[in-house]
Amino acid sequence: VQLQACGGGLVQAGGSLRLSCAASGRTFSSYALGWFRQAPGKEREFVASISWNGGSTYYADSVKGRFTISRDNAKNTVYLQINSLKPEDTAVYYCAADVSGRYYNPRKEGDFNSWGQGTQVTVSS
């Protein structure tokens, strides 16, 4: 599976962005997807995940209420809507997939086995 993320950019605090990640390869609707982020000088951290059918989502505590993950299986795309952006949201955002189909709502980096290249989100104060 190849994943291509886009939609990042430079925004002011309080603004919004919608990240997209298009997938190609294995049947998109058969696996769970997620988003991670890595801020400068920090380890990559889990942000959100969504089950193969979109029926279940899971979020890191730090983004609950501001971030929304969704997917469109007809377009082979997963989205991350980010609202009320804060400077601490500045990071490279990565989409990832559990193409093994092992996890319904993967949450750990090791649960995912295919990664996109990342898109930069920068939030100015």
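Remember, predicted model here, so these are calculated numbers, not experimental data. (Residues numbered from 1 in each chain as written. Predicted model: local features only at pLDDT ≥ 70, side-chain atom pairs only at ≥ 80, totals over all residues. Heavy atoms only, no water.)

**Side note on the overall build of the chain**
From N to C terminus, the chain includes zero helices and 11 strands. The linear arrangement of helices and strands in the chain, starting from the amino end, is β-β-β-β-β-β-β-β-β-β-β. Against the globule reference of 14 Å for 125 residues, the chain gives a C-alpha radius of gyration of 13 Å, in line with a compact fold. Considered along the principal axes of its C-alpha atoms, the chain spans approximately 40 × 25 × 25 Å. Among the 125 residues that make up the chain, the fraction classed as buried is 45%. Within the chain, counting contacts between residues at least 6 apart in sequence, those at least 24 apart form 59% of the total. Accessible surface for the chain amounts to roughly 6100 Å². Of this, 45% is attributable to carbon and sulfur atoms. Side chains of the chain give 13 positive and 9 negative charges; the mean places of these two sets differ by 4 Å. (Helix = DSSP H or I, 4+ residues; strand = E, 2+ residues; numbered from the N terminus. Rg over C-alpha atoms; globule rule 2.2 N^0.38 Å. Buried < 20%, exposed > 50% of the residue type's maximum accessible area, 1.4 Å probe, protein only. Contact = heavy atoms within 4.5 Å. Areas by Shrake-Rupley, 256 points an atom, 1.4 Å probe, with all protein chains shown as cover. Lys, Arg positive; Asp, Glu negative; His and termini not counted. Charge placed at Lys NZ, Arg CZ, Asp CG, Glu CD.)

**Quick look at the nonpolar core**
The biggest cluster of nonpolar side chains holds 34 residues, and the ones touching the most others in it are Trp35, Val47, Phe67, Ile69, Leu80 and Tyr93. Mapped onto this core, the elements with two or more residues apiece are strand E1 (2-6), strand E3 (17-24), strand E4 (32-38), strand E5 (45-50), strand E7 (67-72), strand E8 (77-82), strand E9 (91-98) and strand E11 (119-124). In terms of residue count, E9 provides more of this core than any other element does, five residues in total. (Core = buried A, V, L, I, M, F, W, Y, C linked by side-chain atoms within 4.5 Å.)

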